[in-house]
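# Per-entry structural report
Each chain, written out:
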Amino acid sequence: MKQKLVTFLFVFTVINIFAQTPAATKPATANTNNKTLPPAEMVSNKVVSSIKKIPLDETSILIYDYDGALFSYDLETETIGWTVKPADNHNEMCANKVTLNNGVVYIPFVNGEIIAVDNQSGDVFWKSRLGNITDQIVLKDQTPIVNNGKLYITAQNQNGSSNIYALDTKDGSLAWNYKLDTVNNDVTPLFFNNKVYIPSANNLYSFDASTGKVISQKNFEEVMSGKPVADGENVFIANDKDILYALSPDKLDILWQFKLDENQHSVKERIFCKDKKVYFAAQGETVSTLYAVDSKTGTQLWKRDFAGDNIEYITEADDNIWGYTKKGKLFQIDITNGEIAFEIKLTTQPISNIEFPVDDTIFYYCDAGLIKFDLGTKDEDLYYMRTSIKDNVYSAYLKIIK
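Residues numbered from 1 in each chain as written. Predicted model: local features only at pLDDT ≥ 70, side-chain atom pairs only at ≥ 80, totals over all residues. Heavy atoms only, no water.

The name an unreviewed UniProt entry gives the chain is Pyrrolo-quinoline quinone repeat domain-containing protein, with Flavobacterium ginsengiterrae as the organism.

Structural data, given as structure tokens:
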């Protein structure tokens, strides 16, 4: 997960060093006319076939490999069914996740292409491109948010702009677009109560999901880099340093704020809500901590420290929190009390999310391929082996079709 973003990350490093945070003054309207956008930010789309609801291929798993190709792998026959790649990707890497909705797989590629395909056959419904080949837009750390006939995603452009896009899911055409405050925005939007929430620099925005009109804008002292989440009533987001905020969904008023322990920071995407509680993991110089907080009051319910290691990933399954650390420690924690139910140092380093195919097994991806981990025997079975291994690996993503 270390190096290979060479050209791509160099651009972001330069941007981060020299960019200034702009004042919190923005127009309250979004751009719905694709032709008025500069060429570097326009959306081009091509319809191959009409989109429709597709039955699920429930014997397969989608693997977004770290070389930037997405393929369907049959878990019964252990064969690849189909593969989709971007047309002209010069950065061969997986930097995003995919979304499965009504049997359609929506795939964002790092070079700005977004493709909608049939989950059974891999046949393409439509292709869209944000920006163009010359001034290439970058999609990084994005999960396409699909709701009410639209797909929401944020993009960064090498010309120094950053935008949130809403595309029509029937053909990939532009529904609306809004230019954000910061050139470096790799946070996945939140869809909640027909609004779309996205942080940008020191601001958090809420948009009307249908029109892109800005409903609310909240300015903070620090950069807001966390992924926004909701518990069904309110919105929660962490800043780049050490505070988690609870906000009202309409006016974005601060309801409470929770300060992390000393030297804790960078919640990023390691956050989720369940049963009126917020669970999140922060990194630190010496200790990484997993917190459980009451979403109504901001009261800490429990916390679990990981000394000398950093939590890289967390998820929830069957009232347990699963995750792994930077040093390859896989853990299972009881969501009710923070007690460790299972912990092991893996011999293979996960670079993906964790998927749960059946009882007592989990899937994750490593540099060698797909690992099926038996929780009883603690065996790491290389279920799918890559034909080649790259020297530099960023990330991968798995999605069981169900």
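Turning to the sheet that holds strand β28 (residues 320-325), a few remarks are in order. Strand order in this open sheet of four strands is β27-β28-β29-β30, and the pairing throughout is antiparallel. Here the strands that pair on one side only, and so sit at the sheet edges, are β27 (311-317) and β30 (340-345). Ignoring which end each strand starts from, the neighbouring axes of this sheet average 15° apart. Pairing of β28 with strand β29 (residues 329-334) involves five bridges; the strand directions are antiparallel. By the bridge assignment, G323 is partnered in β29 with F331. (Pairing = 2+ DSSP bridges. Helix = DSSP H or I, 4+ residues; strand = E, 2+ residues; numbered from the N terminus. Axes fitted to C-alpha atoms, helices over the stretch in contact; angles between N-to-C directions.)

Both strand β31 (residues 361-366) and strand β32 (residues 369-374) contribute to a ladder of six bridges, which runs antiparallel. Within β32, the residue paired with F363 across the bridge is K372. Between the end of β31 and the start of β32, which pair antiparallel, lie two residues. Two elements, β32 and strand β33 (residues 380-385), share five bridges in a ladder whose sense is antiparallel.

Before going further, it helps to spend a moment on the packing of aromatic side chains. The geometry of two aromatic rings is summed up by the distance between their centres and the angle between their planes. One pass over the full model with this rule turns up 24 aromatic pairs. Seen from their ring centres, F258 and Y291 are 5.5 Å apart, and the 75° between their planes marks the pair as edge-to-face. Here F258 is found in strand β21 (residues 254-259), whereas its partner Y291 is found in strand β25 (residues 287-294), with 33 residues between them in sequence. Each member of the pair, F258 as well as Y291, carries the same accessibility label: buried. Consider the rings of F272 and Y279, whose centres lie 5.2 Å apart with planes at 25°: the pair is stacked. Judged by relative accessible area, Y279 falls into the buried class, the value being 4%. An aromatic cluster is built from Y152, W176, Y178, F191, Y205 and F207, whose rings are joined through pairwise contacts. For the cation-ring pair, R386 lies above Y66, with the distance from its terminal atom to the ring centre recorded as 4.2 Å. (Phe/Tyr/Trp six-rings, centres within 6.5 Å; stacked < 30°, edge-to-face > 60°. Buried < 20%, exposed > 50% of the residue type's maximum accessible area, 1.4 Å probe, protein only. Lys NZ or Arg CZ within 6 Å of the ring centre and 35° of its normal.)

To continue, consider the nonpolar core. Formed by 19 residues in total, the largest nonpolar core has its most connected members in Y106, I114, L130, L151, I153, Y165 and L167. Setting aside residues up to four positions removed in sequence, L151 forms contacts with Y106, I114, P144, I145, V146, Y165, A166, L167 and T169. (Core = buried A, V, L, I, M, F, W, Y, C linked by side-chain atoms within 4.5 Å. Contact = heavy atoms within 4.5 Å.)

Before going further, it helps to examine unusual backbone geometry. One non-glycine residue, D141, lies in the positive phi region at around 55°. Along the chain, the position of D141 falls in the loop between β9 (137-138) and β10 (145-147). Positive phi values are uncommon outside glycine, yet D319 reaches one of about 60°. Summarising the element assignment, D319 is placed in the loop between β27 and β28. On the basis of relative accessibility, which here comes to 39%, the residue D319 falls in the partly exposed class.

Looking along a regular strand, one sees side chains alternate from face to face of the sheet. With six of its seven residues buried, strand β8 (residues 124-130) lies for the most part within the structure. Sheet analysis places strand β1 (residues 43-47) next to β8, joined by five bridges and oriented antiparallel. Directly across from V47, in β8, lies its bridge partner W126. Pairing geometry for strand β7 (residues 113-118) and β8, over five bridges, is antiparallel. Bridging across to β8, I114 finds its partner in S128. Count of turn residues in the β7/β8 antiparallel hairpin: five residues, of which G122 carries a positive phi of about 80°.

All right, on to the pattern of salt bridges then. For the structure shown, the criterion picks out 19 salt bridges. R386 is the salt-bridge partner of D65, the closest N and O atoms lying 2.8 Å from each other. Placement of the pair is D65 in the loop between β2 (60-64) and β3 (70-74) and R386 in the loop between β33 and β34 (397-400), with a sequence separation of 321 residues. Each member of the pair D65 and R386 is classed as buried. The shortest N-O distance in the salt bridge between K329 and E343 comes to 3.8 Å. Highlighted residues: K329 in strand β29 and E343 in strand β30, separated in sequence by 14 residues. (Salt bridge = Lys/Arg side-chain N within 4 Å of Asp/Glu carboxyl O.)

Mapped onto the elements, V124 comes out in strand β8. On a C-alpha basis, the gap between V124 and V47 in space is 8.5 Å, while along the polypeptide they are 77 residues apart. Apart from residues no more than four positions distant in its own chain, V124 is found in contact with V48, S49, I115, A116 and V117.

With respect to the helices and strands, the residue S395 is situated in the loop between β33 and β34. Within the structure, S395 has its side chain in polar contact with the backbone oxygen of C94 (distance 2.9 Å). For S395, the contacting residues outside a window of four places in its chain are Y66, C94, A95 and I351. (Polar contact = N/O pair within 3.5 Å; in protein donor to acceptor, adjacent residues only side chain to side chain.)

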